[in-house]
Amino acid sequence: VRTAAVSGLGKFSKDLLVYAALVNTLHHDASYAAEAAAAGAIGRSGNAGSFDVLQAEAATKPEAHVMRATLGSLAATKDAKAAAILLAQARPGAPEQMRVSALSRLPALKDVIEHDHLQDLVEVVRAALHDPYLPVRETAWDLVGTFNLVQFQPEIQNEAQSAPMMHDRDAAKQVLQQLHH
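Heads up: these notes are all about the structure in this document. If you're wondering where the values come from, they're calculated on a predicted model, not measured in any experiment.

### Here we look at the overall build of the chain
Secondary structure summary: the chain contains 12 helices and zero strands in total. When the helices and strands of the chain are listed from N to C terminus, the series reads α-α-α-α-α-α-α-α-α-α-α-α. When the backbone C-alpha atoms are referred to their principal axes, the chain occupies close to 55 × 30 × 25 Å. The burial tally for the chain puts 47% of its 181 residues in the buried class. Once local pairs closer than 6 in sequence are excluded, the contacts in the chain between residues at least 24 apart make up 59%. Only carbon and sulfur atoms are counted for the fraction: they give 56% of the accessible area of the chain, which is about 9,100 Å². With 16 positive and 20 negative side-chain charges, the chain shows a spacing of 3 Å between the two charge centroids.

If you want it as structure tokens, here you go:
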């Protein structure tokens, strides 16, 4: 019920009192689901202070659902500083589901990443392409196509030819098509 209420409040997040209630929910609610909903609403609010609130929340390393929502909301702010946070959470050593979440949010900041963080992106994608956790690898394949990272074409070509599952071979072939356009 609280999660639904927080989600409903998010529609009114331009109101400063509602925004303050969302921030309070993010930091103090007993329900992780309500905290995650608050993070989402804060990211979509357009409030000038949203990035700082979400950055502070990410720094506390909250519960996994809250952290994934926070990462998505950081990307939604479109703040250039969010790119460094997402890239840090996408590196090996972060929990696998967090890496997938961070990697999947990188396209939302494509221009900033291509301009200011391209080498970091290449390093993160290189590590992700060799990760044993399939969802991390699959997300990396998507990033190769989205960011036109042609330096990884031989690795994607290898997946397209020799991945054990047809689904993975097909996904790799789609990435190769993106690279050729």
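### Description of the nonpolar core
If you look at the biggest cluster of nonpolar residues, it comprises 58 residues, and the most contacted ones within it are Leu106, Val125 and Val144. Considering each element in turn, this core owes the most residues, seven residues, to helix α3 (residues 32-44).

### Some thoughts on helix α6 (residues 82-89)
Counting buried residues along α6, six of its eight residues qualify, which places the element largely inside the surrounding structure. Taken residue by residue, α6 has Ala82, Ala83, Ile85, Leu86, Leu87 and Gln89 as its buried positions. The elements touched by buried residues of α6 are α4 (50-59), α5 (64-77), α7 (96-105), α8 (110-116) and α9 (118-129).

### Structural notes on the packing of α4 against α5
In the contact formed by α4 and α5, the axes pass within 9 Å of each other and the chain directions differ by 150°. One finds that α4 runs roughly antiparallel with respect to α5. You can see that α4 and α5 cross each other, and the crossing is left-handed. On α5, the residues touching Ser50, Phe51, Leu54, Gln55, Glu57 and Ala58 of α4 are Val66, Met67, Thr70, Ser73, Leu74 and Thr77. Residues belonging to the contact of α4 with α5 are distributed by class as follows: six nonpolar, five polar and one charged.

Thresholds applied
- Residues numbered from 1 in each chain as written.
- Predicted model: local features only at pLDDT ≥ 70, side-chain atom pairs only at ≥ 80, totals over all residues.
- Heavy atoms only, no water.
- Helix = DSSP H or I, 4+ residues; strand = E, 2+ residues; numbered from the N terminus.
- Buried < 20%, exposed > 50% of the residue type's maximum accessible area, 1.4 Å probe, protein only.
- Contact = heavy atoms within 4.5 Å.
- Areas by Shrake-Rupley, 256 points an atom, 1.4 Å probe, with all protein chains shown as cover.
- Lys, Arg positive; Asp, Glu negative; His and termini not counted.
- Charge placed at Lys NZ, Arg CZ, Asp CG, Glu CD.
- Core = buried A, V, L, I, M, F, W, Y, C linked by side-chain atoms within 4.5 Å.
- Axes fitted to C-alpha atoms, helices over the stretch in contact; angles between N-to-C directions.
- Parallel < 35°, antiparallel > 145°, perpendicular 65-115°, else oblique.
- Left-handed = near helix turned anticlockwise from the far one by under 90°.
- Nonpolar A, V, L, I, M, F, W, Y, C, P; charged D, E, K, R; others polar.

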